[in-house]
Amino acid sequence: MEIKLRSWVFMGLILAGNFCLAQSVQKLKDRIVLANNSMSISVSKQTGLINYKFTNGMRIDNATAYVNDIHAGTFSSSDYSVHKISTAPFHDKLGTGLRVTIVHSDDRHAISLVQHLTLYKSSPYIIINAEASARDKSNMESRNICPLAVLPANGGKLTIPGNDPRILDEPFDNDNWVGVVQRSWAKPGAPKVSGISYDFVSVYDRFTFFGLVIGSISHDFWKTGIAYRAADKKGQIDSLKIFGGASTPDHKELPAAYGGYDGTHDLVEHGTMLGQTINSPDVYLAASSDIRKSLTEYGEVNAKVNGRLSWAGAAPVYWNSFGVEGVLGSSGIMMPPGVKQVSDFLHTLKNLSSHSKPVLSIDSYDQNIYSTEVLKSLGEYAGKNNQQMGFYFIPFALWTWKDAYEGKKLQGTDYLISDVLLRDNNHQPILYKDGKFCSYAMDPTHPAIRQYIIYQLKKAKTINAKFLKIDFLTAGTLETSVRYDHSVRTGMQAYSKGMKELKFLIDSIMGKDIFITEAISPLFPSQYAHTRFNSTDVYSHLRDDEKGFPHYGSTEASLATGSHMGWVQGTIYPFNNMDVTIMKSFQQYPNLSETEIKVRIYSLMVMGSILGDGSDFRNQLAAERARKFLDNKQISDFFSQPKAFIPLRFADGDSLDQQLSFYLPGKTLYVALFNFDMKKDFLQNISLTTLHLDKNKAYLVKDFLTGKILSEIKKGQSEFKLNSGPADALMVTITPEN
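About the cut-offs
Residues numbered from 1 in each chain as written. Predicted model: local features only at pLDDT ≥ 70, side-chain atom pairs only at ≥ 80, totals over all residues. Heavy atoms only, no water. Core = buried A, V, L, I, M, F, W, Y, C linked by side-chain atoms within 4.5 Å. Buried < 20%, exposed > 50% of the residue type's maximum accessible area, 1.4 Å probe, protein only. Contact = heavy atoms within 4.5 Å. Phe/Tyr/Trp six-rings, centres within 6.5 Å; stacked < 30°, edge-to-face > 60°. Helix = DSSP H or I, 4+ residues; strand = E, 2+ residues; numbered from the N terminus. Lys NZ or Arg CZ within 6 Å of the ring centre and 35° of its normal. Pairing = 2+ DSSP bridges.

### Some details on the nonpolar core
- By size, the foremost hydrophobic cluster in this structure holds 141 residues, and its most contacted members are Phe-617 and Phe-674.
- With sequence-adjacent residues up to four places away left out, Phe-617 is seen in contact with Trp-319, Val-342, Phe-345, Leu-346, Met-583, Ala-622, Ala-623, Ala-626 and Leu-630.
- In this structure, Val-43, Ile-167, Leu-240 and Val-283 belong to the second largest nonpolar core, which totals 41 residues.

See the structure below:
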């Protein structure tokens, strides 16, 4: 029987739309319970274990925190005999609420562990962190601290009701054509499910969308990993740890997304935090009836805490040279006169250029052919066609012939290349990309990098570039055995410092009106760019198994990942970037069909991507298709202010036969179906309630491209059907019938 020693309620009724939250704290004999309309949190005074119970039916039982000091060992919150719990009002960037502080300590342990749980009055999430300090005030040193752990030793478990639970596993970056994966478990004959997700993880039901999101909102010191292991029982995870200190090498013998290339690519263990008090990443935790909303909220919380760039006016549209020639000019495929021909052709596409000046984005290029003077002349030519120039460079990695850097200075600097490179535990330069022509990782904290960036940005200013593509950024996050700035202790701390300096230099040298897109990069920190590639280069073929194409870089692969990542648009980045469309063929690969081009454009639309194209418009077929698609008024109007659609059906599993659907609410409602199955139709019944349509009104369903009326939704109708044939996509608009 529970005896209430003291019970008081701190009520905050905040009206947010039609959603009202109330907070309460109950102080009982054996525990303290903190609650609002979304969850209740029970902290045991005897064990320090924490139970989270959510209104959507999910639970986390017997959660702990831990820290590993590299000298003193591992300390878990459940190891201590004394657990002092206090509550106090709290206010920060995220709002006002209540904070529970749990101090775990006793005479047997030299280190005290403290947990903070913050519940906000007007928000359905909780922010969790942990800190550790030595009782004698001496320094601690750790490369592994975890504010939320579910461990079998404590009877810990995460439980999700429903018939088809999933774990969404996020790779560290967007390199090597590795996408997110969806893990199902506890099916007959299924292998054990375990892995590490990075930055965030979600656990959800495939068909109902209810679920839970856990993710870091701190990205300036730790690489955050979420290590998980599913139980044999359906809907139960018996091990989950979200920790600062993730460092994982590539394992080429494993599948790319399952330990092969989805990690941090490190050769050196994670750096340490050193001090009298060390802190974990701050962690967002929320469960709801709609995981899509929780993911969006996770993005919004990151933006509030860390900041986000904004972009005034229409989104840029651009042409990028990489789809024509990998290193522009190196094979003689497109020399400078060819770029002028592209500029002339783009000038004829009046709808494409009706909202913003198109950008000629020169990607990787042969500097002996495309010198700064040549690029400047191309920029002047493009300016006469009412266009802008784009510029490409790599701030934290150096591409060169292997071992050919000895005795050479880094371009534009006073420093030897050998002084700038990151080093492994044997003091050998870290190869970011191996091969005869390879890439070495460089130290973002070295003064040579500042000089190098200034050198590159001055070139960009000389050609009057207004669009920057920065690439291979992950190199700057790598852990190292040596670093110029000894106060910088981790790869992510170095990367954050480097990106902050890069943005400052862009603003100082080029101005604050420069559009920045990140190519190969981690998801976070996100506040230094306007957009980031959703995946590695996309070649625009329909599926990875298409004959004549590589087994990666397809529209299906990029959208399968994208179906889970549309929330980044409008939250942490103003726009998404799904890479360029192709009107005929990507580099030397076979010609694309017109259907593949349509599907590709639709995929950019549903992801809220900016519009780029990588075609050689000197080819007649490419030019004809560009007039049909890129100069289509409806398409151009949409990409002037792109916005990500809401998934109606996520990608699931590793099959290439994905059938995906999305919708975008608004005065004109959009619905899109993607059918990557080569044999079966994709027929979907869609409820008007799901789309927030009034069943007492009539609507017209029209094909997006042609405007042709496909069907009518009559008054009183509660659902309607859409169908996409095999290897195709359908996009419709739905408007009230006059």
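Next comes the rest of the write-up.
### Brief notes about the packing of aromatic side chains
- Per the counting criterion, the structure on display carries 38 aromatic pairs.
- Measuring from ring centre to ring centre gives 6.1 Å for Phe-391 and Phe-393, while their planes differ by 40°; the resulting arrangement is tilted.
- Taking the relative accessible area as the measure of exposure, Phe-391 reaches 2% and is therefore buried.
- Centroid distance Tyr-432 to Phe-472: 6.2 Å. Interplanar angle 80°. Geometry classified as edge-to-face. Note that Tyr-432 is positioned in strand S30 (residues 431-433) and Phe-472 in the loop between strand S32 (465-470) and helix H7 (491-509), a separation of 40 residues in sequence.
- Feature note: the residues Tyr-120, Tyr-125, Phe-200, Tyr-284, Tyr-298, Phe-524 and Trp-567 constitute an aromatic cluster, connected by ring pairs.
- Cation over ring: Arg-99 sits above Phe-90, and NZ or CZ is 4.0 Å from the ring centre.
- The ring of Tyr-432 has Lys-433 sitting right over it, with the charged end atom 5.3 Å from the ring centre.

### Considerations on the pairing of strand S40 (residues 699-703)
- Counting buried positions along S40 gives four out of five residues, so the element sits mostly inside the fold.
- Looking at chain direction, S40 and strand S41 (residues 709-713) are connected through four bridges and run antiparallel. Its bridge partner lying in S41, Tyr-699 is registered against Ile-713.
- The loop that links S40 with its antiparallel partner S41 comprises five residues; one of these, Gly-707, has a positive phi angle of about 80°.
- Where S40 lies against strand S43 (residues 728-736), five bridges are found, and the strand directions are antiparallel. Counted as the bridge partner of Tyr-699 is Pro-736 from S43.

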